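In case you want the letters, here they are:
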Amino acid sequence: MKNCNMAMFFEMRKKLDLYMWLSMVPNGPSARFLVQNVHTMDELRLTGNHLKGSRPLVTFDKSFDEQPHLSLLKEMLKQAYGTPNVHPKSKPFYDHVIGFTYLDGRIWFRNYQITDQDEGGLVEVGPSSASGSSRSSAAASAATSSSRTQLTSLQINTERR
């Protein structure tokens, strides 16, 4: 993978548990999330839409700045879901918002369309999820989640290989 600095991998175990791996290539850190409460766009029957190739506005609530493991996850998620400023295949505007909220030991992930630029109107367009963390190999155990899909098991690996 030429010029790749972030990898996201989804792993299914025993057709019951879905794990999402985030890793900064090649030296880490890496994080593993147990994904729960996944709601697809077909299930939710949402009315919004956004353009292909448009850049998302990635937002985090204030709790991501209060704990060290959450600030590490904030930086990893920002790099995974954000679009580089001058990427040749991206549009020069924002028309949707990806929001991450930390609540009840889970990271909640939601996807919104910006409907009114002047007043800041938002419509949820899905998909959404929540996730949490179970353990960290670095210093402390942590729990994280994303909107409507829950990531309930998290393992952070900061060791260099």
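Residues numbered from 1 in each chain as written. Predicted model: local features only at pLDDT ≥ 70, side-chain atom pairs only at ≥ 80, totals over all residues. Heavy atoms only, no water.

K.L.:
Mind showing me how you'd approach the overall build of the protein here?
P.N.:
Summing up its helical and strand segments, the protein has two helices and 10 strands in all. Starting at the N terminus, the α and β elements of the protein follow one another as β-β-β-α-β-α-β-β-β-β-β-β. Across the 161 residues of the protein, 39% fall into the buried class. Within the protein, counting contacts between residues at least 6 apart in sequence, those at least 24 apart form 53% of the total. When the accessible area of the protein is evaluated, it comes to approximately 9700 Å², of which 51% is carbon and sulfur surface. (Helix = DSSP H or I, 4+ residues; strand = E, 2+ residues; numbered from the N terminus. Buried < 20%, exposed > 50% of the residue type's maximum accessible area, 1.4 Å probe, protein only. Contact = heavy atoms within 4.5 Å. Areas by Shrake-Rupley, 256 points an atom, 1.4 Å probe, with all protein chains shown as cover.)

K.L.:
Any chance you could explain the packing of aromatic side chains here in plain terms?
P.N.:
Describing an aromatic ring pair means giving the distance of the ring centres and the angle of the ring planes. Enumeration over the complete set of coordinates arrives at six aromatic pairs. Ring geometry for phenylalanine 64 and tyrosine 102: centres 6.5 Å apart, planes at 70°, overall edge-to-face. With phenylalanine 64 in the loop between strand E4 (55-60) and helix H2 (68-81) and tyrosine 102 in strand E5 (residues 94-103), this residue pair connects regions lying 38 residues apart in the sequence. The pair formed by phenylalanine 64 and tyrosine 102 is uniform in burial state, with each residue classed as buried. Here a set of aromatic residues connected by ring pairs shows up, and it is made of Phe60, Phe64, Tyr81, Phe100, Tyr102 and Phe109. Residue placement shows arginine 13 over the ring face of tyrosine 19; its charged tip is 5.0 Å from the ring centre. (Phe/Tyr/Trp six-rings, centres within 6.5 Å; stacked < 30°, edge-to-face > 60°. Lys NZ or Arg CZ within 6 Å of the ring centre and 35° of its normal.)

K.L.:
Could you clarify how one ought to interpret the confidence of the model for the protein in this entry?
P.N.:
Any residue range with low pLDDT should be treated as having predicted coordinates unsuitable for detailed reading. Looking at the protein as a whole, the pLDDT averages 75, with 75% of positions reaching at least 70. Taken element by element, the predicted model of the protein shows its lowest mean pLDDT in strand E9 (residues 135-136) (36) and its highest in H2 (91). When the criterion is pLDDT under 50, residues 134-161 qualifies, and its contacts beyond four places in sequence or with other chains add up to 146 contacts. (pLDDT = per-residue confidence, 0-100.)

K.L.:
How should I be thinking about the pairing of strand E2 (residues 17-24) in this particular structure?
P.N.:
With eight bridges connecting them, strand E1 (residues 6-13) and E2 associate as antiparallel partners. Among the inter-strand pairings, methionine 6 is bridged to a residue of E2, identified as methionine 24. Hairpin connection between E1 and E2: a loop of three residues separates the two successive antiparallel strands, and lysine 14 in this loop has a positive phi of roughly 55°. Note that E2 and strand E3 (residues 30-39) share six bridges and pair antiparallel. Looking across to E3, one finds that leucine 18 is bridged to valine 35. (Pairing = 2+ DSSP bridges.)

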